[in-house]
Amino acid sequence: MTVSEPRTPHAVSAVTDAGEGTDEERALFESVIADDKRIEPRDWMPSAYRRTLVRQMSQHAHSEIIGMQPEANWITRAPSLKRKAILMAKVQDEAGHGLYLYSATETLGTGRDVLNDQLIQGKARYSSIFNYPAPTWADMGAIGWLVDGAAIVNQVPLCRASFGPYARAMVRICKEESFHQRQGFEILLELMQGTLAQQEMAQDAVNRWFAPSLMMFGPPDAESTNSAQSMAWNIKRFSNDELRQRFVDMLVPQAEVLGITFPDPELAWNEERGHYDFGELDWDEFAEVLAGRGPCNAQRLQRRRDAHNDGAWVREAAAAYARKTAARAVEGAAA
Ligand code: BYC
């Protein structure tokens with residue numbers, strides 16, 4: 001399997017860039033990591049640690065922002081006022097998550113405008129999962145249950161990430177993701193208790209989202225270029241495959257409650273391992289999506305660009321208002 005533009009694996013140590021910082025600074029950084037404590041924005045840190053955080057946190061922020069699109073598409077078509085209100089609240093939460101994460105990334109010295117430019121110019125990654133279409137109402141259930149479910153499994157360990165602002169942002173995000181997952185499960189539960197057509201719609205959505213949601217955890221460990229270093233720095237706590245396995249083990253009993261099946265003939269309990277076995281994922285498809293050739297990549301980016309351009313007048317008005325308020329404050333102080 002090849003992920004587009006593969007990176008050379010980093011050497012695995014707490015401090016990578018030899019010669020950086022003073023002996024004291026490096027020793028302090030290493031001891032904070034070894035003691036499983038937090039690095040804060042003003043602390044000295046190796047530049048590779050900073051770059052890794054900016055990479056992961058900005059990709060995460062972009063995922064939240066792009067991730068609003070498949071669901072926002074259903075706000076005007078939600079089947080009831082109650083469903084519309086819940087969906088609006090969820091999409092609004094995703095915007096909030098994006099903003100906390102951009103703010104946390106800013107504490108590392110990379111501004112939101114820079115990150116936004118990278119996103120709209122197609123130079124930044126965001127989660128592969130948001131390049132798949134959401135053609136039916138049941139997709140809202142499948143996204144909540146599977147996509148937010150995978151997000152929780154991936155993100156709960158990030159509440160213990162070594163960089164303080166990231167870890168703290170994740171605490172609130174995880175609480176909200178938990179509500180998101182339950183609302184998805186509840187949509188599917190209601191559909192599965194409905195007509196045959198509704199049951200088929202729910203099953204079809206789960207068939208389409210199952211494998212992509214497992215790919216959210218990233219490539220297999222052997223192909224994961226960043227994992228070893230990120231784990232040495234206590235940014236990641238578990239490997240991609242460990243979390244993927246945890247997710248599958250969590251899903252199977254929930255699927256039984258729903259009366260839904262997964263499109264994987266190899267899915268079976270393995271007594272010896274104490275885990276569910278599951279089939280190989282289509283990593284060529286994953287590579288295609290990462291290379292920008294997934295079903296919705298072009299549409300998602302274009303919509304983000306359009307929204308950014310459409311919002312220019314709001315940014316200009318806010319900046320003009322801020323200038324005016326500042327000028328009035330100066331005049332008031334002089335008077
Ligand atoms: N999609 O070395 P690896 C949400 C890239 S939003 C795209 O294992 P790492 C939600 C990876 O970036 C949830 N790219 O990487 C929002 C790397 O490329 P670069 C988003 C992926 O970082 C709205 C290369 O593949 N969650 O829940 O150690 C509505 C090699 O991978 C993906 C986060 O962002 C992917 N799936 O581990 C509803 C969580 N996987 O950068 C829901 C935070 C891998 O070297 N991020 N790549 O060019 C992480 O935990 C980690 O970054 C990952 C990847 C586990 C995703």
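Residues numbered from 1 in each chain as written. Predicted model: local features only at pLDDT ≥ 70, side-chain atom pairs only at ≥ 80, totals over all residues. Heavy atoms only, no water.

**Description of the overall build of the protein**
Our working definition: Note on conventions: DSSP H or I runs of at least 4 residues are helices, E runs of at least 2 residues are strands, and numbering of each starts at the N terminus. Per-residue accessibility, obtained with a 1.4 Å probe over protein chains only, is compared with the maximum for each type, and a residue is labelled buried under 20%, exposed over 50%, and partly exposed between these values. Note on contacts: a residue pair is in contact if any heavy atoms of the two residues lie within 4.5 Å. Only four residue types enter the charge count, namely Lys and Arg as positive and Asp and Glu as negative; His and the chain termini do not. The atoms used to mark charge sites are NZ of Lys, CZ of Arg, CG of Asp and CD of Glu.
Helix and strand content of the protein: 13 helices and 2 strands. The principal-axis extents of the C-alpha atoms in the protein amount to approximately 70 × 55 × 30 Å. Looking at the protein as a whole, 48% of its 335 residues qualify as buried. Contacts in the protein between residues at least 24 apart in sequence constitute 78% of all its contacts with a sequence separation of at least 6. Averaging the positions of the 36 positive and the 46 negative side-chain charges in the protein gives two centres separated by 8 Å.

**Digging into the pattern of salt bridges**
The test is simple: We define a salt bridge as a side-chain nitrogen of Lys or Arg found within 4 Å of a carboxyl oxygen belonging to Asp or Glu.
The full count for this structure, using the stated rule, is 14 salt bridges. The shortest N-O distance in the salt bridge between Glu-190 and Arg-83 comes to 2.9 Å. Taken together, the positions of Glu-190 in helix 7 (residues 164-192) and Arg-83 in helix 4 (residues 81-106) put the pair 107 residues apart, joining distant regions of the chain. A salt bridge links Lys-90 to Asp-148; the nearest nitrogen and oxygen atoms lie 2.9 Å apart. With Lys-90 in helix 4 and Asp-148 in helix 6 (residues 138-155), the pair connects residues that are 58 residues apart, well separated along the chain. For Lys-90, a relative accessible area of 1% puts it in the buried group. Where salt bridges share partners, they join Glu-71, Lys-90, Glu-94 and Asp-148 into one cluster.

**Some remarks on the packing of helix 6 against helix 7**
Going by this rule: Interaxial angle, 0 to 180 degrees, is taken between N-to-C directions of lines fitted to C-alpha atoms, where a helix line uses only the stretch in contact. Crossing handedness: left-handed means the near helix sits turned counterclockwise from the far one by under a right angle, and right-handed means the same turn made clockwise. Nonpolar residues are Ala, Val, Leu, Ile, Met, Phe, Trp, Tyr, Cys and Pro. Charged residues are Asp, Glu, Lys and Arg, and all others, Gly as well, are polar.
For the pair helix 6 and helix 7, interaxial distance at closest approach is 7 Å and the crossing angle is 145°. In this structure, the crossing between helix 6 and helix 7 has a hand that is left-handed. Within the contact of helix 6 with helix 7, the residues separate by chemical class into 13 nonpolar, 9 polar and 2 charged.

**A short note on the nonpolar core**
Most often, soluble globular proteins keep nonpolar side chains buried together rather than apart. Condition: Only buried residues count toward a nonpolar core, which is a set of Ala, Val, Leu, Ile, Met, Phe, Trp, Tyr and Cys residues joined through side-chain atoms within 4.5 Å.
Core analysis: the biggest nonpolar cluster contains 79 residues, and Tyr-49, Trp-145, Phe-163, Tyr-166 and Trp-209 have the highest contact counts within it. Counting residues per element, this core draws most heavily on helix 7, at 10 residues. Among residues more than four places away in sequence, those in contact with Tyr-49 are Phe-29, Ile-33, Ile-39, Ser-162, Phe-163, Trp-233 and Ile-235.

**Comments concerning the packing of aromatic side chains**
This is how the line gets drawn: Any two rings among Phe, Tyr and Trp, with Trp reduced to its six-membered ring, count as a pair given centres within 6.5 Å; such a pair is stacked if its planes are under 30 degrees apart, edge-to-face if over 60, and tilted if neither.
On inspection of all chains with the given rule, the structure shows 11 aromatic pairs. Between Phe-29 and Tyr-49, the aromatic rings sit 5.1 Å apart at their centres with planes inclined by 75°, giving edge-to-face as the arrangement. Taken as a pair, Phe-29 in helix 1 (residues 23-34) and Tyr-49 in helix 2 (residues 47-66) lie far apart in primary sequence, 20 residues in all. By the burial criterion, Phe-29 is buried, and Tyr-49 matches it.

**Description of the side chain of Arg-244**
Test applied: Contacts described as polar in this section are N or O atom pairs within 3.5 Å, which, within protein, must combine one atom able to donate a hydrogen with one able to accept it, while residues neighboring in sequence count only if both atoms come from side chains.
As for its position among the elements, Arg-244 is in helix 10 (residues 240-258). The exposure class assigned to Arg-244 is buried, which follows from its relative accessible area of 2%. Among the polar contacts made by the side chain of Arg-244, one reaches the main-chain carbonyl oxygen of Pro-219 at a distance of 3.4 Å. Sequence-distant contacts of Arg-244, defined by excluding residues within four places in its chain, comprise Leu-214, Met-215, Phe-217, Gly-218, Pro-219, Pro-220, Phe-278, Leu-281 and Trp-283.

**With respect to helix 10**
Residues spaced three or four apart along an α-helix face the same direction, because each turn holds 3.6 residues. Inclusion rule: Under the convention used throughout, the expected extent of a helix is 1.5 Å for every residue step, that is, one less than its residue count.
With 19 residues, helix 10 should reach 27 Å at 1.5 Å per residue; the first-to-last C-alpha distance of 27 Å fits that figure. What helix 10 keeps buried is the set Asn-240, Leu-243, Arg-244, Gln-245, Phe-247, Val-248, Asp-249, Leu-251, Val-252, Ala-255 and Leu-258. Elements in contact with the buried residues of helix 10: helix 6, helix 7, helix 8 (196-215), helix 9 (227-232), strand 2 (275-277) and helix 11 (283-290). Just beyond helix 10, the residue with positive phi is Gly-259, at close to 80°.

**Considering the packing of helix 4 against helix 5 (residues 112-120)**
Geometry of a packed helix pair, given as the angle between the helix axes and the separation of the axes. Going by this rule: An angle below 35 degrees is read as roughly parallel, one above 145 as roughly antiparallel, one from 65 to 115 as roughly perpendicular, and any other as oblique.
Orientation of helix 4 relative to helix 5, taken along the N-to-C sense of each, is 120°, at an axis distance of 9 Å. Viewed along their axes, helix 4 and helix 5 adopt a mutual orientation that is oblique. Of the residues in helix 5, those touching helix 4 at Leu-99, Tyr-102, Thr-105 and Glu-106 are Arg-112, Leu-115 and Leu-119. Considering only residue class, the contact of helix 4 with helix 5 consists of 4 nonpolar, 1 polar and 2 charged.

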